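Notes for the structure review
Residue-level listing of the chains:
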Amino acid sequence: MRERQPVYFHTVLRDSVESTYNELHCRNCMKTPPNDGRSIKSDETLFTIIESLKQTNGAGVTELGDRLDLAKSTVHKHLVSLEHNDYVVNEGGQYRLGLQFFSTGIHVRNQYDVYHAAKERIDKLAFDIDEAVWLIVHENGMGVFVYGVAHNNSFTFDSTIGTRVNLHANSAGKAILAHLPENEVVDIIDHHGLPAQTENSITDRETLFDELEVIRDRGYAMNFQEDLQGLHAISTPVINDGRPVAGVTIAGAANRLTEARIETDLTEPLLEAVNDIELRLVYG
């Protein structure tokens, strides 16, 4: 088992970086439904309404109908069903997402053993290094922020938990990809592509596979403004039963997390922390 320390990557730099983050990741909010006969139109309409309410922080029937090019009767039918099941709240004709989603999300997160194994150790790591630390799991070929903590004022966390990100442009994502079988990596790329998040993003398969080989040899991945301008990060995977179940990330402002500081001050604490998390996964 390698010596490593976990990193938690779940926020966005303030001001310009925060707005850039939200803009970039909204691109993943409204997905094109699969056109292979598996989807049911009514279900896709329901999820589209939910995502639209998420983006707008609430809307009325007419606004949703116009925004999504749907009949008002269709929108109203779905909203009534969602309200009946506590997934939306109707405030004088303005609908917003309800806390039932929060309850469901907490339940889902609690199903991940790695979350319980990592949370305490991530808290300690963030305190020790005074930087943001994130836990990212991979699900359906994407990275998902499930936990994060910071002991400085450089990050805000509330809007990031649960956010999905492309694996190839994220340090935790690259750390995970580097330890997946090659055929799985190919499948992920075929499905999600290699979209550029910034001018530093890797968008070429050969370049990505070369970097994944370096990550495997080195034991950790680095991210120098590949998904967000002004953000640097280092991450290493949490391995359980021979597979990467998550990535722990240390992230911070580029002028603070220089390559030299990452290699001299942050690599060893990260590797040690992840090693502890892996032991907890095995021995509880």
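Residues numbered from 1 in each chain as written. Predicted model: local features only at pLDDT ≥ 70, side-chain atom pairs only at ≥ 80, totals over all residues. Heavy atoms only, no water.

So, the sheet that holds strand β10 (residues 243-253)
- Spatial strand order, β7-β5-β4-β10-β9-β8: six strands in an open sheet with antiparallel pairing. Every other strand in the sheet has two partners, leaving β7 (164-166) and β8 (221-224) as the edge strands with one partner each. Averaged over neighbouring strand pairs, the angle between their axes works out to 30° when direction is ignored.
- Two strands pair when backbone bridges link them, and strand β9 (residues 231-240) and β10 are joined in this way by 10 bridges, in the antiparallel orientation. (Pairing = 2+ DSSP bridges. Helix = DSSP H or I, 4+ residues; strand = E, 2+ residues; numbered from the N terminus. Axes fitted to C-alpha atoms, helices over the stretch in contact; angles between N-to-C directions.)

What about the pattern of salt bridges?
- Evaluated as defined, the whole model comprises 11 salt bridges.
- For K119, the salt bridge goes to D123, with nearest N and O atoms at 3.8 Å. Of this pair, K119 and D123 both sit in helix α6 (residues 113-129), four residues apart, roughly one helical turn.
- Classification of K119 as partly exposed rests on a relative accessible area of 32%.
- Here D276 ties to R121 by a salt bridge, and the two come within 2.7 Å at their closest N and O atoms. (Salt bridge = Lys/Arg side-chain N within 4 Å of Asp/Glu carboxyl O. Buried < 20%, exposed > 50% of the residue type's maximum accessible area, 1.4 Å probe, protein only.)

Quick word on empty space enclosed by the protein
- Applying the stated criterion across every chain, the model contains one cavity of 30 Å³ or more.
- The calculated volume of the largest cavity comes to roughly 50 Å³.
- If you trace the largest cavity, you find it lined by G141, N166, L167, H168, L177, I188, I189, H192, G193, L194 and L208.
- Grouping the amino acids of the lining of the largest cavity by side-chain chemistry returns six nonpolar, five polar and no charged. (1 Å grid on protein atoms, 1.4 Å probe; cavity = no way out; pocket = protein on both sides within 12 Å on 5 of 7 lines; lining within 4 Å. Points joined across faces, edges and corners; volume = space filled by probe spheres on them. Nonpolar A, V, L, I, M, F, W, Y, C, P; charged D, E, K, R; others polar.)

Digging into a negative patch on the surface
- A contiguous patch of negative charge, built from D204, E206, D210, E213 and D217, is present on the exposed surface.
- You can see D210 is positioned in helix α9 (residues 205-218).
- On the basis of relative accessibility, which here comes to 46%, the residue D210 falls in the partly exposed class. (Patch = residues over 30% accessible without salt bridge, like charges linked within 9 Å, V, L, I, M, F, W, Y side chains within 5 Å. Areas by Shrake-Rupley, 256 points an atom, 1.4 Å probe, with all protein chains shown as cover. Lys, Arg positive; Asp, Glu negative; His and termini not counted. Charge placed at Lys NZ, Arg CZ, Asp CG, Glu CD.)

Describing the packing of aromatic side chains
- On inspection of all chains with the given rule, the structure shows three aromatic pairs.
- Where Y115 meets Y147, the ring centres are 5.9 Å apart and the plane angle is 70°; that geometry is what we call edge-to-face. On the criterion of sequence distance, the pair formed by Y115 in helix α6 and Y147 in strand β5 (residues 142-149) is long-range, its members being 32 residues apart. A single burial state applies to Y115 and to Y147, both of which are buried.
- Between W134 and F145 the ring centres are 5.3 Å apart and the planes differ by 75°, which places this aromatic pair in the edge-to-face class. Here W134, found in strand β4 (residues 132-139), pairs with F145, found in strand β5; they are 11 residues apart in sequence, far enough to count as distant.
- Looking at F145, the relative accessible area reads 1%, which means it is buried. (Phe/Tyr/Trp six-rings, centres within 6.5 Å; stacked < 30°, edge-to-face > 60°.)

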